[in-house]
Amino acid sequence: MVPFLDLKAQYHSIKDEADAAVLKIMESCQFALGEEVATFEHKFAEYCQTRHAVAVNSGTSALHLSLLAAGVGPGDEVITVAMTFVATVAAIDYSGAKAVLVDVDPKTWTMDANQLEAAITPKTKAIIPVHLHGRVADMDAINAIADKHGLVVIEDAAQAHGAEYKGRRAGSLSRAGCFSFYPGKNLGAYGEGGAVVTDDEELANMVRVLRDWGQKGKYNHVHKGFNARMDGFQGAILNVKMGRIEDWTDARRAHAALYDKLLAGSGFGLPIQSNDCRHVYHVYALCTPDREAMQAHLTEQGIQSGIHYPIPVHLQPAYADLGGKKGDFPVSERLANEFVSLPMYAELSTDQIELVAAGVNSV
Ligand SMILES: *Cc1c(COP(=O)(O)O)cnc(C)c1O
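The structure presented is a predicted model; accordingly, all values stated were derived computationally and were not measured.

A word on the site of the ligand. Around the ligand sit 15 residues, and of these Gly59, Thr60, Asp156, Ser180 and Lys185 come closest. A distance of 2.8 Å is found between a nitrogen atom of the ligand and a side-chain nitrogen or oxygen belonging to Asp156. Most atoms of the ligand, that is more than half of them, are within 2 Å of grid points of the largest pocket. Contributing elements (two or more residues each) for the shell around the ligand: α4 (59–69) and α5 (87–95). Partitioning the shell around the ligand into residue classes produces 5 nonpolar, 8 polar and 2 charged.

Printed below as a string of structure tokens:
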């Protein structure tokens, strides 16, 4: 059996440290924010090459609060991609702004910068590129267009911890970067968590205020805020994991390189390589026109697989109000029909990867 994801294997590799970290929180009773969370914020900012990190209770809150802190609200439009997890669009919706979607590039599977100008209107305030699967979007092209039109760029880096673009870390390539520490992400908490990273001190301070009921000083509510603080337990666990994240990322990249090599002759669409990017392979997906056959064949051999994501946002019933219809974003729609995600986590063995690749190659 090759599981799609094995969170237990990772826990057992850090068990002593993780157990001690949890007990320490119970002794200190710093359950919401506290010292461990503050320590994590320092470590994570350094890791992302930014001056500030503000820890929150989910990646969705990171997106939502950074949009609010950047001044986005009702009457504004925010451009993002149709091929993303629904949270990107949900956060735009929570801010009161309207999500305007564009398609992704057929090779990189991230925002197609060539489509941005046509989507910009006088109401456009921000752009949220998504570093899908752990590959950084084409930030130079996106930032150039944003600068020309005076727009804010906020990265959805929920899948891209430690990813790089021309030597700079994901999250440091725009006004603010938003991360998720959902357990299955490359850096996963033992519960929910997220963070906003930024060089902009004013934006960081605003996210700090908004995550804690809009307070400046106790019971002085200067903004309509939220309960979006990170738990002490999550800060403590994430501090343990910060010591391992680079090793785990290197392992993911080595696994991906082996998949690339073993699947090179398969004829399926594979993640493309780029010299100036450090892809961190939150997901290793391939494209096949007959996904059902591929997944059935893999299941037969005890290999689990996934789909990220089977329905693009513009075709989701909940977002019918965006006015999307079939045919609007052909690349996203094709990828939604063709993507198959293969098992990908640091603890995978070479034998398991070879088994998966043999399974794919024998479809
Ligand atoms: C996971 C994810 C989110 C949301 O993060 P949560 O911590 O689950 O709220 C947002 N965007 C993308 C692309 C994600 O993968």
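Most of strand β8 (residues 176–180) is tucked away, with 5 of its 5 residues classed as buried. Along β8, one buried face is formed by Ala176, Cys178 and Ser180 and the opposite face, lined by Gly177 and Phe179, is buried too. Sheet topology note: the strand β5 (residues 152–156)/β8 ladder contains 3 bridges and is parallel. Bridged to Ile154 within β8 is Ala176. One ladder, built from 4 bridges, connects β8 with strand β9 (residues 194–198); its direction is antiparallel. Bridging across to β9, Cys178 finds its partner in Val196.

This model, assessed by the stated rule, comprises 2 cavities of 30 Å³ or more. Elements represented by at least two residues in the lining of the largest cavity include exactly α1 (7–13) and α10 (245–263). Each of domain 1 (7–103 + 110–242) and domain 2 (245–361) contributes no fewer than three residues to the lining of the largest cavity. Computed from the structure, the second largest cavity encloses a volume of approximately 50 Å³. Taken together, Lys107, Thr108, Trp109, Leu132, His133, Arg135, Pro271, Ile272 and His279 form the lining of the second largest cavity. Classifying every residue of the lining of the second largest cavity gives 4 nonpolar, 3 polar and 2 charged. Mapped onto the domain boundaries, the lining of the second largest cavity takes at least three residues apiece from domain 1 (7–103 + 110–242) and domain 2 (245–361).

What counts, and where the lines are drawn
- Residues numbered from 1 in each chain as written.
- Predicted model: local features only at pLDDT ≥ 70, side-chain atom pairs only at ≥ 80, totals over all residues.
- Heavy atoms only, no water.
- Near = heavy atom within 4 Å.
- Polar contact = N/O pair within 3.5 Å; in protein donor to acceptor, adjacent residues only side chain to side chain.
- 1 Å grid on protein atoms, 1.4 Å probe; cavity = no way out; pocket = protein on both sides within 12 Å on 5 of 7 lines; lining within 4 Å.
- Sits in = over half its atoms within 2 Å of the grid points.
- Helix = DSSP H or I, 4+ residues; strand = E, 2+ residues; numbered from the N terminus.
- Nonpolar A, V, L, I, M, F, W, Y, C, P; charged D, E, K, R; others polar.
- Buried < 20%, exposed > 50% of the residue type's maximum accessible area, 1.4 Å probe, protein only.
- Pairing = 2+ DSSP bridges.
- Points joined across faces, edges and corners; volume = space filled by probe spheres on them.
- Domains from an automatic or database assignment.

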